[in-house]
Amino acid sequence: MTRIPLANVSLKHPLIEIQNSVHCLRKRSSQDWSQSVFHVEAPPWIPPNIADTVNTPTSPTLSTPSESPSLSPPLPLLNAADQAPPTDGRESPSLFESCSRRVKARSASTLPVRHRDMASQSSDRIGRLQQEKEMLMEEVKAQKELVWILHKALEASQLEKRTCAEFLAEEGEQERLELLRHRERQAADLRGRLDEAKMEVEVVKKSLAEKATQVAELQHNNRMLKEKNNAKQEVIIKLSNQVTACLSEPRRPDSSSAGRINSQTLRQLRQENNNLKDDIEAYKTQNKFLNSEIYQLTKLWRKSSEQEKTLMVKCAFLEATNCQVESRYLGVLRRLQEIKSLHPAQREAVQKMIEDALKGELKSVTKLSVDRDHDEYGFKIIPDYEVEDMKLLAKIQALEIRSHNLLHQEGLEHPLLSRWAQYLAGRSDDDFIITPELKILVREGVPREYRQRVWRCLVRARTLTSQERHPQRYQQLCEKSRTAPNPASRQIQLDLHRTLTTNQHFSSPSSPALQQLRRILLAFSWHNPAIGYCQGLNRLAALALLVLQSEEDAFWCLVAVVEAIMPQDYYTKNLVASQADQRVLKDFMAEKLPRLASHFEDHNIDVSLVTFNWFLVVFVESLPSDILMPLWDAFLYEGTKVIFRYTLALFKYKEDDILKIHDSVEIYQYLRFFTKTVSNARKLTSIAFNDMNPFPSRLLRNRRVLHLERLQAELRELEEQQKEFITESVVRKDKELDVMVSEDDEDL
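Residues numbered from 1 in each chain as written. Predicted model: local features only at pLDDT ≥ 70, side-chain atom pairs only at ≥ 80, totals over all residues. Heavy atoms only, no water.

## Some remarks on the environment of leucine 180
Inference 1: In this fold, leucine 180 is placed in helix α5 (residues 173-248).
Inference 2: You can call leucine 180 partly exposed: its relative accessible area is 39%.
Inference 3: Sequence spacing of leucine 180 and threonine 163 is 17 residues, and the spatial spacing of their C-alpha atoms is 9.6 Å. (Helix = DSSP H or I, 4+ residues; strand = E, 2+ residues; numbered from the N terminus. Buried < 20%, exposed > 50% of the residue type's maximum accessible area, 1.4 Å probe, protein only.)

Following this line, the structure appears as structure tokens:
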């Protein structure tokens with residue numbers, strides 16, 4: 001590729017033309033003006049003899065455009081007629097004196113005229129100097145603009161020179177084209193930036209316009225406020241003047257009659273004032289008397305209330321003592337009834353005494369509190385026994401419970417209530433975290449006033465993810481239950497009337513609690529199809545409904561128990577996890593209660609026949625409500641470990657009584673009802689959480705895994721045996737059929 005010579009090519013920047021135009025314009029303007037910034041008047045002519053000795057100022061040279069415009073312009077010189085040229089002081093004295101005499105003589109002859117001329121010349125000179133000053137300022141401004149334009153032109157020239165040098169430095173046309181494309185891209189980029197800058201300028205202008213509008217509105221409001229303020233000040237001034245006038249008018253009496261009227265009015269006012277003072281003193285005296293009476297009455301009321309409280313405590317103590325005595329009396333009768341060596345007459349007398357004690361139907365126990373047949377949740381305080389022989393035991397238990405409640409409940413509820421109130425004060429429902437303080441409080445029991453809130457918070461803590469993911473879950477499941485048939489609805493309907501039959505809220509077939517329970521169980525069967533419905537879930541949901549008083553909260557409580565607290569497969573069809581827990585319980589009984597475990601083993605007692613239902617329904621309908629509720633408080637907080645603790649505590653509580661029984665049937669019969677004879681809830685709680693320690697959760701989990709694996713292996717082996725048995729039975733039937741056919745053939 002041949003290189004095109006570009007030596008004679010000249011790229012002229014547009015700013016050079018601007019420079020030339022401004023330069024020509026400056027020349028024309030300097031020709032029009034009489035003087036410029038670079039012009040200095042020529043000094044007047046002086047004779048040669050004087051010119052040699054006089055120092056004349058040199059005219060400054062013309063400044064080029066490249067010079068800095070910041071140089072201050074020289075001041076213009078005065079005319080020769082107005083100012084004498086300076087001398088260096090070396091001229092002859094005669095010449096100086098002669099000149100001085102001529103000047104003085106001339107001045108003396110023309111002094112008045114000279115003064116007038118000098119004044120007019122001074123004013124003209126001042127005007128001319130001001131005009132020249134303005135012209136010089138404009139000239140300086142023009143020079144600065146010129147310097148700025150030249151500076152930009154110089155930068156453009158340097159950029160053009162560098163571009164040309166780069167363009168000429170390239171050897172081939174392809175490289176030059178690439179360079180030109182690069183420059184075009186740069187130019188396009190610059191144009192884009194320029195457009196963006198213009199858009200930003202438009203935005204800024206709009207914002208400035210809006211700000212200007214706002215400022216105008218504020219100024220208008222300010223003017224309005226000032227006008228209102230001025231109007232108010234004028235009104236205040238007028239009112240002040242009126243007040244001043246009104247105050248000054250009574251001081252100027254118009255006549256003597258007015259003075260007499262004013263004096264009479266003044267006397268009347270003074271009399272009324274004195275009467276009011278007397279009334280005030282009388283009221284003060286009466287108030288003191290009434291206050292003293294109120295104080296005396298308050299003292300009497302406090303004294304009477306203290307006496308009443310003391311009497312109530314004494315009455316409760318006496319009633320508790322009476323219950324204890326009656327309980328011991330009935331206990332003695334029960335022991336006498338069990339003695340087989342009694343004479344028939346004695347046995348008949350004992351039986352009559354027992355009948356007389358049972359005829360009262362516990363009226364002696366409940367005569368002071370007729371409405372206390374049921375507790376706050378609707379459970380019967382005195383349980384019913386199916387066996388007729390257990391009625392005596394029921395009355396003994398009722399007396400013990402009554403005695404225990406009278407002696408201990410009043411002293412324990414108030415401190416626990418205040419501690420819970422202090423803990424819950426200022427705490428949100430989502431702030432229930434695992435802390436040692438909360439654990440101690442829950443183990444001691446939640447007061448009835450706070451149980452609903454505490455249960456709701458504990459349930460929400462275990463089901464928070466599901467509730468946040470499906471906030472309307474229960475309503476959707478209820479709607480589905482109404483529109484679609486549920487396979488478990490028939491079994492649920494059958495179990496509804498078997499749920500908490502001794503509770504007030506579920507005893508009537510038309511009770512609204514039964515319909516609420518039905519909706520909860522149907523919703524859960526849709527929520528967890530793997531379980532659907534299992535017998536025992538009705539009791540769990542019923543207890544949750546009694547405490548939480550809300551269908552949705554009871555539903556989520558059932559979800560928390562089945563899916564979060566209990567192990568997996570606890571309520572499935574084969575109940576594998578439930579059976580594994582019974583084996584774990586036997587291991588713990590062998591460690592914690594070795595004597596009782598050996599006693600059960602000696603008499604071939606399978607404890608799981610009794611405890612399986614305890615675990616499945618978490619002691620619902622197996623314990624009195626005053627023990628069941630604290631157990632559930634701890635169960636919702638700590639989990640299934642609480643069930644093991646209370647199961648072992650129940651056996652420990654009645655260990656001595658069980659060890660006295662040496663008949664298997666009697667042991668089974670005693671284990672059916674002995675949980676309802678526990679009256680001291682504080683003692684049972686202490687055994688569960690103190691005597692059963694240590695009770696590590698890791699050990700419980702490991703034993704569950706071990707027994708679950710063994711149980712699953714046994715179930716698989718059992719299934720294989722069932723399959724083998726079915727196969728063998730089919731083969732056996734086929735052989736029998738063949739034999740029967742061959743016998744028929746022989747007969748033929």
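## Overview of the packing of aromatic side chains
Inference 1: Counted according to the given criterion, the structure contains 17 aromatic pairs.
Inference 2: Taking the centre distance of 4.6 Å and the plane angle of 25° together, the rings of phenylalanine 588 and phenylalanine 695 count as stacked. Here the residue phenylalanine 588 occupies a position in helix α18 (residues 576-592), and phenylalanine 695 occupies one in the loop between α25 (681-691) and α26 (697-747), the gap between them amounting to 107 residues. When sorted by exposure, phenylalanine 588 lands in the same class as phenylalanine 695, which is buried.
Inference 3: Pairwise contacts between aromatic rings join Phe600, Trp614, Phe619, Phe651, Tyr670, Phe673 and Phe674 into one cluster.
Inference 4: Its guanidinium or amino end placed over the ring of tyrosine 653, lysine 683 lies 4.8 Å from that ring's centre, counting from NZ or CZ. (Phe/Tyr/Trp six-rings, centres within 6.5 Å; stacked < 30°, edge-to-face > 60°. Lys NZ or Arg CZ within 6 Å of the ring centre and 35° of its normal.)

## Some words on the pattern of salt bridges
Inference 1: Enumeration over the complete set of coordinates arrives at 19 salt bridges.
Inference 2: One salt bridge connects glutamate 591 with arginine 703, and the closest N-O pair in it is separated by 2.1 Å. Of the two residues, glutamate 591 sits in helix α18 while arginine 703 sits in helix α26, which places them 112 residues apart along the sequence.
Inference 3: Here glutamate 655 and lysine 652 are joined by a salt bridge, their closest N and O atoms 3.6 Å apart. (Salt bridge = Lys/Arg side-chain N within 4 Å of Asp/Glu carboxyl O.)

## Some thoughts on helix α10 (residues 436-444)
Inference 1: Residues of α10 that are buried include every one of Leu438, Leu441, Val442 and Arg443, and no others.
Inference 2: After α10 finishes, the residue glycine 445 shows a positive phi value of roughly 110°.

## Side note on the packing of helix α11 (residues 448-462) against helix α16 (residues 537-548)
Inference 1: The N-to-C vectors of α11 and α16 enclose an angle of 125°; their axes lie 8 Å apart at closest approach. Accordingly, the angle class assigned to the pair α11 and α16 is oblique. Taken together, the residues of α16 that come into contact with α11 (itself represented by Arg451, Gln452, Trp455 and Arg456) are Leu543, Ala544, Val547 and Leu548.
Inference 2: Each residue belonging to the contact of α11 with α16 can be placed in one class, and the counts come to five nonpolar, one polar and two charged. (Axes fitted to C-alpha atoms, helices over the stretch in contact; angles between N-to-C directions. Parallel < 35°, antiparallel > 145°, perpendicular 65-115°, else oblique. Contact = heavy atoms within 4.5 Å. Nonpolar A, V, L, I, M, F, W, Y, C, P; charged D, E, K, R; others polar.)

## What to know about the nonpolar core
Inference 1: Counting 114 residues, the largest nonpolar core has Trp420, Leu537, Tyr571, Phe600, Trp632, Phe635 and Phe651 as its most contacted members.
Inference 2: When sequence neighbours within four positions are dropped, the list of residues in contact with phenylalanine 600 reads Met589, Ile605, Val607, Phe651, Ile658, Ile667 and Leu671. (Core = buried A, V, L, I, M, F, W, Y, C linked by side-chain atoms within 4.5 Å.)

## Some points on the confidence of the model for the protein chain
Inference 1: Of the residues in the protein chain, 74% reach a pLDDT of 70 or more, and the chain-wide mean stands at 78.
Inference 2: Predicted confidence in the protein chain is weakest over helix α2 (residues 48-51), with a mean pLDDT of 40, and strongest over helix α22 (residues 641-653), with 95.
Inference 3: In the model, residues 31-96 has pLDDT below 50 throughout and makes 46 contacts with residues more than four positions away in sequence or in other chains.
Inference 4: For residues 361-371, every residue scores under 50 in pLDDT, and the model assigns this stretch 14 contacts once sequence neighbours within four places are set aside. (pLDDT = per-residue confidence, 0-100.)

## So, the environment of alanine 554
Inference 1: Take alanine 554: it is sitting in helix α17 (residues 551-565).
Inference 2: Sequence spacing of alanine 554 and leucine 517 is 37 residues, and the spatial spacing of their C-alpha atoms is 8.9 Å.
Inference 3: Setting aside its immediate chain neighbours within four residues, alanine 554 contacts Ile520, Ala541, Ala544, Leu545 and Leu548.

## Looking at the side chain of threonine 675
Inference 1: Along the chain, threonine 675 falls in the loop between α24 (664-673) and α25.
Inference 2: Side-chain polar atoms of threonine 675 contact the backbone oxygen of serine 622, separated by 2.5 Å.
Inference 3: Excluding residues that lie within four positions of it along the chain, threonine 675 makes contacts with Trp614, Ser622, Leu623, Pro624 and Leu650. (Polar contact = N/O pair within 3.5 Å; in protein donor to acceptor, adjacent residues only side chain to side chain.)

## A short note on unusual backbone geometry
Inference 1: Asparagine 693 connects to proline 694 through a cis peptide bond whose omega is -5°.
Inference 2: In this structure, proline 694 sits in the loop between α25 and α26.
Inference 3: Notably, leucine 500 is not glycine yet its phi reads approximately 45°, a positive angle.
Inference 4: With respect to the helices and strands, leucine 500 occurs in the loop between α14 (489-496) and α15 (512-527).

## Some words on a negative patch on the surface
Inference 1: Negative charge collects at one region of the surface, where Glu717, Glu719, Glu720, Glu724 and Glu728 lie side by side.
Inference 2: Counting through the fold element by element, glutamate 728 comes out in helix α26. (Patch = residues over 30% accessible without salt bridge, like charges linked within 9 Å, V, L, I, M, F, W, Y side chains within 5 Å. Areas by Shrake-Rupley, 256 points an atom, 1.4 Å probe, with all protein chains shown as cover. Lys, Arg positive; Asp, Glu negative; His and termini not counted. Charge placed at Lys NZ, Arg CZ, Asp CG, Glu CD.)

## A few points about the packing of α16 against helix α21 (residues 625-638)
Inference 1: Their axes nearest at 13 Å, the elements α16 and α21 cross at an angle of 95°. One finds that α16 runs roughly perpendicular with respect to α21. Residues Leu540, Leu543 and Val547 of α16 pack against Leu628, Met629 and Trp632 of α21.
Inference 2: For the contact of α16 with α21, a count of residues per class yields six nonpolar, no polar and no charged.

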